[in-house]
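# Per-entry structural report
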Amino acid sequence: MKRMFGLGMAALLVGSLGLAQNFNWEQARGTQIRVLLNQHPWTTAITPFLPEFERLSGVRVVVETFPEAQFRNKVLVELASGTGALDAFMLTPNQEGNLYLKSGWLEPLSSYVSNPALTAPGFDQADFFPASIRAASIGGGLVGLPIQQETTMLFYRKDLFQKYNIAVPKTFAELEAAAKALHNRDGVAGIGLRGRGAAATSQLAPYLFGHGGDWLSPNRRSRFFDTEWVNALTFYSGLLRNYGPAGSTTMSWPEITSLFAQGKLAMFTDGSLFKSILDDPRTSTVADKVGYAAFPAGPTGKRTPVAITWALSMSKASKNKTATWLFMQWATNKQNQLRVLLADVPASRKSAWNSAEYKAKDKTPEWSAINLEQLEYANPVWNPPVVAVGEVRDILGRAIVTAINGGNVRDALTRAATQTNTVLDKER
Amino acid sequence: MTQTSPQTKPERRSSFIDRNLRWLMPGPAVLLLFVLTILPLIFNLVLSTQDRFVSAAQQSSFVGLGNYLDILRDERFWNSVWQMTKFTLIAVPAQLVFGLLIAMLLNRQVPAQGPVRALILLPMISTPVAIALIWALMFNPQLGVLNYFLETLGLGRSLWVADERLVIPALALVDIWQWTPLVAIILLAGLQTMPEEPFEAARIDGASPWQLFWRVTWPLLQPTLFAALTLRLIDALKTFDIIEVITQGGPGIASETLNVYAFRAGFEFFRVGYAASLLTMLLLLVTAIAVGVNLLRRAR
């Protein structure tokens, strides 16, 4: 086995030498680029390999990493200042993509991909999941290279489901029944979901789609007062109020995942990315008891997880665009996507998931299978498709908190719809 | 001639300095103040008259006092003023009372006074964000140590910052814990610089400790108390770090003070013109209150 692996590596090496002759990786030798990254498992996984790129290209990469909230602020401020001191950065296209593109801060990438002088032959754009490419394309053009592709998933405690003889929920009704049956048993809350205002909107989205609702009408008005919205939010907030952990209006993913990892939750739904926290005995007391299931189907009868994509984007003001592009394509190449997947980051390239190496080392094949299956139909629009995403998320977040606290759902959503339409008026 | 000129030159220069000393001495300070405070303030005022988005994605336009009129009709603004007021009204009086008690204790001959005084300063000199993160953990209803204590004492669990009615008192508790030492140190300085004579005279006249405190210590301590009050009022009204880290203004907007709301408006909604107007309102409010306290002090 070891020898085979060695042979494979040798073949890879020879292969890449062959490619290197055709493609000039050193065309920007001697330059330096500055990259801003979110403190994300992808960042942790890729950082040790950066010197490899520096040796390959002769480009020096200066990386700065910040926790998510500060990271997003920092990128915004740097882009708005327009100094060109920033070259590449992580982006969730569905969150800031519209704003950044309309502001003229994102370098369109399609012409780079199609230029053989700039893009190595092995890049293979068709290898990315179509959902990832769709998410990273705004207004028809590519504005980022996908680095991670997660879907909404149901995480549950295998041992508790077995002990109380409960089947893994396949529908929203079964989800509620399971939450009810397990609530306050063995010191767990029935179900955990994000309840902290704006942060909860992305995880309410799959429940909204499951009830047949959508964000905006074709003439770009808020649909928050639709019956589907009322049903979705009533269901979501009801789960939390009746079977959720105490204080759920303050909880986002860090709180939910740590509660589950401390054995205080029977199940939760959130991004598939969080597996890495839960099945690691160093961070989880229930590492060997985590079950994974597809996001359950709503009253529409369809499974409606959302697909969340992180991408690597280039600043339009960058002064080292060639070097930056070389870095971006290297960071998202097949080998590096496999590397991050081996570190439990849901990769955005099919080849990584299908590789013999990943299949041999995969500790949770059921997680991989669900993630791949869900990507076929997951909805990439997990945020309201507006420019002022932050403000609309905040407006909706307040309705979510009101609902969880037992307030009138219809009133809260009507208020949110009116406020959202005021914001949309400015975007006309 | 050639020999005299090097002598006259420094003379001339020093006479220039002499004549303009009153401008030159405060010059650097004035310049610094201008660049770091006055200029940003003017810029903020200009910004507050515009309906301006952070980027070119939306047109910016001059709206005059439009933002301020919007603010007066903005429920969320009034909520933030109310939360800010509640926070200050809980935190500052408690800090003054506890600060005074600690100062009186330290003013007596306590064993190991040096180390005790150093230890009591710890909350004040720690990094606010680190403190806030620790408190956030302690407040956690399931995993936090505060509920563990409550349960050990046979009391029920509390939701702490997850409860809309409890969140401001809980945040004020953090502020009290963090800033009481400062008040104590200020008041201790006041106590230690008091003249001995009035106390001696009062004791000779047979005053009880209670009378001694209310008739001598308390009046003599007034100026120091007002100084501590003004400092803490201004700071408490502007509190940002602990609130942003522990609750981000939540649940909902139940702990969103004016400062936190302005931050949201600027850095998350990208409405920089409106955020600038909110901050002008904060400046006006804080200044008015500080001036009010000062007038109260002079009236005494």
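Residues numbered from 1 in each chain as written. Chains lettered and ligands numbered in written order. Predicted model: local features only at pLDDT ≥ 70, side-chain atom pairs only at ≥ 80, totals over all residues.

What follows deals with the overall build of chain B. Secondary structure assignment for chain B yields 15 helices and 2 strands. Against the 2.2 N^0.38 benchmark of 19 Å for 300 residues, chain B shows a C-alpha radius of gyration of 26 Å, more extended than a compact globule. By its C-alpha atoms, chain B is 95 × 75 × 40 Å across when sized along the principal axes. Burial analysis of chain B (300 residues in total) assigns 31% to the buried set. (Helix = DSSP H or I, 4+ residues; strand = E, 2+ residues; numbered from the N terminus. Rg over C-alpha atoms; globule rule 2.2 N^0.38 Å. Buried ≥ 20, exposed ≤ 12 C-beta atoms within 10 Å, placed from the backbone.)

Okay, the overall build of chain A next. Secondary structure assignment for chain A yields 20 helices and 9 strands. A globule of 428 residues ought to have a C-alpha radius of gyration of about 22 Å, and chain A, at 22 Å, matches this closely. Along the first, second and third principal axes, the C-alpha set of chain A runs to 65 × 60 × 35 Å. Long-range pairs, those at least 24 residues apart, make up 76% of the contacts in chain A with a sequence separation of at least 6. (Contact = placed C-beta atoms within 7 Å.)

Quick look at the packing of helix H11 (residues 227–243) of chain A against helix H20 (residues 409–426) of chain A now. In a pair of packed helices, the angle between the axes and the distance between the axes together describe the arrangement. Residue and element names in this part refer to chain A. At a minimum axis separation of 10 Å, H11 and H20 run at an interaxial angle of 120 degrees. Comparing their axes, H20 and H11 come out oblique. When the axes of H11 and H20 are compared, the crossing they make is right-handed. Here H11 contributes Trp 229, Val 230, Leu 233, Thr 234 and Ser 237 to the contact with H20, which in turn contributes Val 409, Arg 410 and Leu 413. Its residues assigned to classes, the contact of H11 with H20 comprises 5 nonpolar, 2 polar and 1 charged. (Axes fitted to C-alpha atoms, helices over the stretch in contact; angles between N-to-C directions. Parallel < 35°, antiparallel > 145°, perpendicular 65-115°, else oblique. Left-handed = near helix turned anticlockwise from the far one by under 90°. Nonpolar A, V, L, I, M, F, W, Y, C, P; charged D, E, K, R; others polar.)

Moving on, we get to the interface of chain B and chain A. You'll often see interface size given as the accessible area lost when the parts meet. Between chain B and chain A, the residue contacts involve 23 residues of the former and 27 residues of the latter. Across the side of chain B that touches chain A, the residue classes break down as 13 nonpolar, 6 polar and 4 charged.

What follows covers the pairing of strand E3 (residues 88–91) of chain A. All names here are of chain A. Here E3 shows a buried face lined by Ala 88 and Met 90 and a second buried face lined by Phe 89 and Leu 91. Pairing between strand E1 (residues 32–38) and E3: 2 bridges, direction parallel. By the bridge assignment, Leu 36 is partnered in E3 with Phe 89. Alignment of E3 against strand E9 (residues 307–314), held across 4 bridges, turns out to be antiparallel. Among the inter-strand pairings, Leu 91 is bridged to a residue of E9, identified as Ala 311. (Pairing = 2+ DSSP bridges.)

All names here are of chain B. Interaxial distance between helix H5 (residues 75–107) and helix H10 (residues 167–192) falls to 6 Å at its minimum, and their mutual angle equals 40 degrees. Considering their axes alone, H5 and H10 lie oblique with respect to each other. In the crossing of H5 with H10, the sense of the turn from one axis to the other is right-handed. Here the contact of H5 with H10 is composed, by residue class, of 21 nonpolar, 6 polar and 2 charged.

A separate point is unusual backbone geometry. Cis rather than trans, the peptide bond between Gly250(B) and Pro251(B) has omega equal to -5 degrees. Within the secondary structure, Pro251(B) sits in the loop between helix H13 (241–246) and helix H14 (258–268). Although it is not a glycine, Asp124(A) sits at a positive phi angle of roughly 55 degrees.

Taking 1.5 Å as the rise per residue, helix H19 (residues 389–404) of chain A with 16 residues should run 22 Å; its terminal C-alpha atoms sit 22 Å apart, in good agreement. Burial runs high along H19(A): 16 of the 16 residues are buried. (Expected span 1.5 Å × (residues − 1).)

Counting residues in each nonpolar core, the largest one holds 184 residues, and the members touching the most others are Phe155(A), Leu233(A), Phe327(A), Leu413(A), Leu171(B) and Leu278(B). Ranked by residues supplied to this core, first place goes to H10(B) with 12 residues. (Core = buried A, V, L, I, M, F, W, Y, C linked by C-beta atoms within 7 Å.)

Next up on the list: the confidence of the model for chain B. All names here are of chain B. Mean pLDDT for chain B: 88, with 95% of residues reaching 70 or above. Per-residue pLDDT, averaged within each element of chain B, yields its smallest value for helix H1 (residues 5–19) (65) and its largest for H5 (95). The ipTM, which scores confidence in the relative placement of chains, is 0.80 for this predicted complex, and the corresponding pTM is 0.85. (pLDDT = per-residue confidence, 0-100.)

Residues and elements named next belong to chain B. Looking at where Leu 173 falls in the secondary structure, it is placed in helix H10. With 19 C-beta atoms packed within 10 Å, Leu 173 lands in the partly exposed category. Each C-alpha atom, one on Leu 173 and one on Gln 95, is 9.7 Å from the other, the two residues being 78 residues apart in sequence.

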